[in-house]
Amino acid sequence: MATDSARKALRKFKFERQVGRTIVNPLVGALDKLGIRASSTVELETTGAKTGQPRRVPLTGRADDAGVWVISQHGKRAGWAHNISANPTVRVRVNNEWHNGTAAFAPDDDVVARARSFGGNGKLSQSATALGMRALQSDPISVRITYTD
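Here's what I pulled together on the structure shown here. (Residues numbered from 1 in each chain as written. Predicted model: local features only at pLDDT ≥ 70, side-chain atom pairs only at ≥ 80, totals over all residues. Heavy atoms only, no water.)

### Considerations on the overall build of the protein chain
A tally of regular secondary structure across the protein chain gives four helices and six strands. Relative to its 149 residues, the protein chain shows a buried fraction of 36%. As displayed, the protein chain has an accessible area near 9000 Å², and 54% of this comes from carbon and sulfur atoms. (Helix = DSSP H or I, 4+ residues; strand = E, 2+ residues; numbered from the N terminus. Buried < 20%, exposed > 50% of the residue type's maximum accessible area, 1.4 Å probe, protein only. Areas by Shrake-Rupley, 256 points an atom, 1.4 Å probe, with all protein chains shown as cover.)

This is the structure we're talking about:
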């Protein structure tokens, strides 16, 4: 029998997934088409585990010369994380430039510190980003996408 915290995490995951699919992701996509995008927004393209079709999702991330860090707020339950488990070969768009890459889960990474690194240089910005991510997560795990091109 599932514990209360496990049931609560599952309910939170289902609610957040529905909000993301119906409100947040379409809104971010529409703004992106208009050329409005936060500097921390990246677009991840995975291959659907069941369909084999390309699947795209906007994420908050931090790019460097070798790749991108993102956080799966719902761990391996997130659709895109499930796709990575089936096929880690991905594409990621950073600043309107697509890169081929390989994604890997980083369970030993400090998710809270990673989330803070996504928010710019100011302490307030970093704290706000980390707080926002914490409010939306159920089972977070860091994901490293290493460029292959």
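### Looking at the sheet that holds strand 3 (residues 67–72)
Read around the closed barrel, the six strands follow the order 1-2-3-6-5-4; overall the barrel is antiparallel. Taken pair by pair, the neighbouring strands of this sheet meet at an average axis angle of 45°, ignoring direction. Across three bridges, strand 2 (residues 54–63) lies against strand 3 in antiparallel orientation. Paired with A63 across the two strands is V68, which belongs to strand 3. In this fold helix 2 (residues 79–86) packs onto strand 1 (41–47), strand 2, strand 3, strand 4 (89–94), strand 5 (97–106) and strand 6 (141–147), with an angle of close to 50° to the strand it touches most, strand 1. (Pairing = 2+ DSSP bridges. Axes fitted to C-alpha atoms, helices over the stretch in contact; angles between N-to-C directions. Contact = heavy atoms within 4.5 Å.)

### A short note on helix 1 (residues 4–33)
With 30 residues, helix 1 should reach 44 Å at 1.5 Å per residue; the first-to-last C-alpha distance of 41 Å fits that figure. A maximum bend of about 50° is found in helix 1 at G20. Regarding helix 1, the residues found buried are A9, F13, E16, G20 and D32. After helix 1 finishes, the residue G35 shows a positive phi value of roughly 90°. (Expected span 1.5 Å × (residues − 1). Bend = angle between axes of the 7 residues up to and from the residue.)

### Examining the environment of Y147
Looking at where Y147 falls in the secondary structure, it is placed in strand 6. Sequence-wise, Y147 and V92 are 55 residues apart; in three dimensions their C-alpha atoms are separated by 8.8 Å. In this structure, Y147 is in contact with A63, D64, D65, A66, G67, V68, V92, V94, H99, N100 and G101, ignoring residues within four places of it in sequence.

### What about unusual backbone geometry?
When glycine is set aside, most residues are seen to have a negative phi, and most peptide bonds are trans. Within the chain, N95 stands out as a residue other than glycine whose phi angle is a positive 50°. Within the secondary structure, N95 sits in the loop between strand 4 and strand 5. We classify N95 as exposed; its relative accessible area is 59%. For N96, which is not glycine, the phi dihedral falls at a positive 65°. With respect to the element layout, N96 can be found in the loop between strand 4 and strand 5. Overall, the relative accessible area of 56% leaves N96 in the exposed class.

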